[in-house]
Every structure is written in C-alpha cells, then in structure tokens.
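The primary structure of each chain is shown beneath.
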2 protein chains.
Amino acid sequence: MLDPTDIRILDELSKNSRITMKELGEKVHLTGQATSARVAKLEDSGIIEGYTIKINQIKLGYVVHAMISIFTKSTHHEPYLSFIKTQEPYVINNYKIGGDSCYLLECKFPSNEVLDAFLVRLNKYVNYKLSIIISK
Amino acid sequence: MLDPTDIRILDELSKNSRITMKELGEKVHLTGQATSARVAKLEDSGIIEGYTIKINQIKLGYVVHAMISIFTKSTHHEPYLSFIKTQEPYVINNYKIGGDSCYLLECKFPSNEVLDAFLVRLNKYVNYKLSIIISK
DNA sequence: TCAACTCCTTTCATTAATCAAGTAAAAACG
DNA sequence: CGTTTTTACTTGATTAATGAAAGGAGTTGA
C-alpha cells in the first residue's frame, strides 16, 4: 500500500505542505511530475485529508488553553452538542471518549474571564472538570 | 495588527494551505503579489507557524486513539519525559496541565495489544488513567 | 508642504505545474 | 511461456504562478 517513498512524502509534507512538487521530488529522488502523481494518489486514497496551517493561537490573543472533561447530567447529549456548536472560536475539539467522562473538550480563550463566562454557560448543560494546559 | 483580510487569509489557508497565491488573492480581492506579501508578513510575525497536512491515521493503521492522564509517582519528571521521547510514532502530544493530573498524553496505536505493551512500559515511570477516543 | 512609509497594482522575467507521449518493468492471463 | 495489460516513471511542450522592480495613492508626522 505505502512504500518508503510515500512515507517520506507524507513526512516532508507534514513539515512543509507548501513545498513545490519539484523540490519534494528532489528529496525523494523523483521528478516533479512523478511526485505530483504520488501525492494525487495519497489524496484520492484519503490518506492525505487536507492541507492546513499551524497558527500561533497566543499571538492571536488566545492565551488560555483548556481541556475540559465533560460529564453529561442526562442521557440526552444533544443539548450539550448543539451548545458547543455555537461556541466557535473557543472550541477546538470535542472528543467522545470511553473512560471516566463522556467527552473531552479542548478549548481556547482570550482570558480567564471569558473562560469563566463559558463555564457558566456550559454548566447549564453538563458537569465538568477543568484542566488548564500549561505547556506542550 | 490583523485586519479582516488577514483573518480571511488565515481562514482560507487553514482550509487549504496549498492554494495558489493568485487564487487566494481572488478570494480576498487582492492580486497574487499583494496576497503573497501579506502571507509573508504573517509568517514573519510568527502567526503562521508552518504549513502541514492532515493525515488519516486510521488509514495508516493507527486505529486506537487514546488520551492518558499521567500522575507522576515522584517529583522527578525527567524519566517519564525522556521515556515518551523514545515512543515516537505513538505519542502525538504531551500536555503539561494544571488540574488533577500532571500531564495529558495523546497517543495513537495500531492495536490494543500495542497499547497494552505501551502501558506496561509507561507504568514503570508513572501512574495513569486511560481514556479511549471513540469519535471526534 | 514635503518626506517617508505603507500598501497596493502593473509589468516582465523566471520558475514551477500541468498535460501529453513514450518507455521500461512488473503483473495478469491464456 | 509468451502476450497483453497495468503501473510507475521520464521527457518535452505548454500553461500558469511566482518574484522582483517600478510606480501610484493614501497616511503619518516634522
């Protein structure tokens, strides 16, 4: 399915997805055309899901990064799920998990005040346990 | 610092970082050259940290996605930290957190057997609480 | 008012991406 | 075992994007 050249391509694209096909080809000892064809295959197969950027959230003003364990009060999760859909920019990921809690909610906030206000709203739907990310 | 056009550029690049500057320029009503200059500024300021790809880990064989809360046994975290450095492909992120546990370790595994073996090794350094991610 | 600066456009030379053909090796098949 | 098909690549020609330079409009501040 994937040969070492494909792995190498994925690795290089992870490091810099805006690299030219010509340059990427030089790294894997192929022409730009052959490299481009391999990348197209990786896209078609769904292994490459998309191309994106890493954004420095702190420089954008999001200085608080939190992981919130969610404990739903009832068996109806819909109110919670539709609530967090309305909470974009703050919500990064909502993982459904097996273990202690029901969900693990990854969020970012510009300040503790905004986090506090978010938690007040959140608490109408679920109970939670807050963890603040100090570093990565 | 950032005007609406910059926000739009970040948004479009998040969705597709391989878009051409010309095409991106059309979306924000600028020429390719002007767009390119803005993107270069966003890079220089550190707001854009890099260009990367989203990889489908399941198609790469990593079917188990786990969040592991880490409770260090002693105040010396170095043995744990150097251990996880040796555990690449499995470790995705290691967050230092404030809250109940010391770290939150995000990992991926090809099978429960590999996860199990990892936990046995991990337990030499720390105690843990395992959560399996069911969906996102 | 004028100089300096920012931000953009236009133009043009360079470079990369794309498309079409052609080739060689491996795989599939009678 | 030979033939056909497929796969993966290269080369070459065309099209498109990029990068550099020059210039114009609007803004800031002495």
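Residues numbered from 1 in each chain as written. Chains lettered and ligands numbered in written order. Predicted model: local features only at pLDDT ≥ 70, side-chain atom pairs only at ≥ 80, totals over all residues. Heavy atoms only, no water.

## Overview of the pairing of strand E5 (residues 126–135) of chain B
Here is step 1: Bridge count for strand E3 (residues 91–98) of chain A against E5 of chain B is three bridges, and the pairing is antiparallel. Residue Lys96 of chain A lies in a different strand from E5 of chain B, and its bridge partner there is Ser135 of chain B. (Pairing = 2+ DSSP bridges. Helix = DSSP H or I, 4+ residues; strand = E, 2+ residues; numbered from the N terminus.)

## Focus on the protein's contact with DNA strand D
Here is step 1: Around DNA strand D, the surrounding shell consists of Arg18, Leu30, Thr31, Gln33, Ala34, Arg38 and Lys41 of chain A together with Thr20, Met21, Lys22, Gln33 and Ser36 of chain B.
Here is step 2: The share of sugar and phosphate among atoms of DNA strand D within 4 Å of the protein is 70%.
Here is step 3: Taking Lys22 of chain B, its side chain carries an N or O atom lying 2.9 Å from a phosphate oxygen of DNA strand D.
Here is step 4: Contributions of two or more residues to the surface near DNA strand D are made by helix H3 (32–44) of chain A together with helix H2 (21–28) and helix H3 (32–44) of chain B.
Here is step 5: Residue composition of the surface near DNA strand D, by class: three nonpolar, five polar and four charged. (Near = heavy atom within 4 Å. Polar contact = N/O pair within 3.5 Å; in protein donor to acceptor, adjacent residues only side chain to side chain. Nonpolar A, V, L, I, M, F, W, Y, C, P; charged D, E, K, R; others polar.)

## Re the relation of the copies chain A and chain B
Here is step 1: Relative to chain B, chain A is turned by 180 degrees and slid 0.0 Å along the rotation axis, the superposed coordinates differing by an RMSD of 0.1 Å. Viewed as a symmetry operation, the transformation between the two copies matches a two-fold axis.
Here is step 2: Of all interface residues in chain A, 100% are interface residues in chain B too; the two copies therefore contact each other through one and the same surface. (Least-squares fit on C-alpha atoms with pLDDT ≥ 70 in both. Contact = heavy atoms within 4.5 Å.)

## Brief notes about the sheet that holds E3 of chain A
Here is step 1: Around the barrel, eight strands lie side by side as E2(A)-E4(A)-E3(A)-E5(B)-E2(B)-E4(B)-E3(B)-E5(A); this closed barrel has antiparallel pairing. Going across the sheet, the axis of each strand differs from the next one's by a mean of 35 degrees, ignoring polarity. (Axes fitted to C-alpha atoms, helices over the stretch in contact; angles between N-to-C directions.)

## A look at the pattern of salt bridges
Here is step 1: Counted by the stated rule, this structure contains 14 salt bridges over all chains.
Here is step 2: The shortest N-O distance in the salt bridge between Asp6 of chain A and Arg38 of chain A comes to 3.0 Å. Of this pair, Asp6 of chain A sits in helix H1 (residues 4–15) while Arg38 of chain A sits in helix H3; the two residues are 32 residues apart in sequence, bridging distant segments of the chain.
Here is step 3: Across the pair Asp3 of chain B and Arg38 of chain B runs a salt bridge, and its minimum N-O distance is 2.9 Å. Taken together, the residues span a long stretch of sequence, with Asp3 of chain B in the segment before helix H1 (4–15) and Arg38 of chain B in helix H3 at a distance of 35 residues.
Here is step 4: According to the relative accessible area criterion, Arg38 of chain B is partly exposed, its value standing at 25%.
Here is step 5: Sharing partners across several salt bridges, the network here consists of Arg8, Asp11, Glu12, Lys15 and Lys27 of chain A. (Salt bridge = Lys/Arg side-chain N within 4 Å of Asp/Glu carboxyl O. Buried < 20%, exposed > 50% of the residue type's maximum accessible area, 1.4 Å probe, protein only.)

## Some remarks on the packing of H1 of chain B against H3 of chain B
Residue and element names in this part refer to chain B.
Here is step 1: Direction vectors running N to C along H1 and H3 enclose 85 degrees, while the axes themselves pass 11 Å from each other. Here H1 is positioned roughly perpendicular relative to H3, judged by the angle of their axes. For the pair H1 and H3, contact is made by Thr5, Asp6, Ile9, Leu10 and Leu13 and by Thr35, Arg38, Val39 and Leu42, respectively.
Here is step 2: Across the contact of H1 with H3, the residue classes tally to five nonpolar, two polar and two charged. (Parallel < 35°, antiparallel > 145°, perpendicular 65-115°, else oblique.)

## Some details on the domain arrangement of chain A
Here is step 1: Looking at the assigned domains, one finds that chain A contains domain 1 (4–44) and domain 2 (64–132).
Here is step 2: Relative placement of domain 1 of chain A and domain 2 of chain A: their C-alpha centres are 38 Å apart. (Domains from an automatic or database assignment.)

## Brief notes about the protein's contact with DNA strand C
Here is step 1: The full set of residues close to DNA strand C is Thr20, Met21, Lys22, Gln33 and Ser36 of chain A together with Leu30, Thr31, Gln33, Ala34, Arg38 and Lys41 of chain B.
Here is step 2: Sugar and phosphate atoms constitute 77% of the interface atoms of DNA strand C, taking the interface as everything within 4 Å of the protein.
Here is step 3: Between DNA strand C and Gln33 of chain B, the relevant distance is 3.0 Å, taken from a base oxygen to a side-chain nitrogen or oxygen of the residue.
Here is step 4: The separation between a phosphate oxygen of DNA strand C and a polar side-chain atom of Lys41 of chain B is 2.4 Å.
Here is step 5: Elements with a minimum of two residues in the surface near DNA strand C: helix H2 (21–28) and H3 of chain A together with H3 of chain B.
Here is step 6: For the surface near DNA strand C, the element with the highest residue contribution is H3 of chain B, accounting for four residues.

## Points about the packing of aromatic side chains
Residue and element names in this part refer to chain A.
Here is step 1: Here the structure, examined in full by the defined rule, presents twelve aromatic pairs over all chains.
Here is step 2: Ring geometry for Tyr90 and Phe109: centres 5.3 Å apart, planes at 35 degrees, overall tilted. Pair noted here: Tyr90 is in the loop between helix H4 (78–85) and E3 and Phe109 is in strand E4 (residues 103–109), with a separation of 19 residues, a long-range link.
Here is step 3: Ring-pair connections join several aromatic residues into one group, and the members of that group are Phe83, Tyr90, Phe109, Phe118 and Tyr125.
Here is step 4: Seen from the ring of Tyr62, Lys108 lies directly overhead, with NZ or CZ sitting 4.5 Å from the centre. (Phe/Tyr/Trp six-rings, centres within 6.5 Å; stacked < 30°, edge-to-face > 60°. Lys NZ or Arg CZ within 6 Å of the ring centre and 35° of its normal.)

## Some details on the interface of chain A and chain B
In many reports, interface size means the accessible area that the parts give up when they come together.
Here is step 1: Listed by partner, the interface residues are 44 residues for chain A and 44 residues for chain B.
Here is step 2: Surface buried jointly by chain A and chain B totals about 4000 Å² across both partners, of which 57% is contributed by carbon and sulfur atoms.
Here is step 3: On inspection of chain A and its partner chain B, the count reaches two salt bridges.
Here is step 4: With a shortest N-O distance of 3.1 Å, Lys129 of chain A and Asp100 of chain B are connected by a salt bridge.
Here is step 5: Counting across the interface, chain A meets chain B through 32 residue pairs in polar contact (both at pLDDT 80 or more). (Buried area = accessible area lost by both parts, 1.4 Å probe.)

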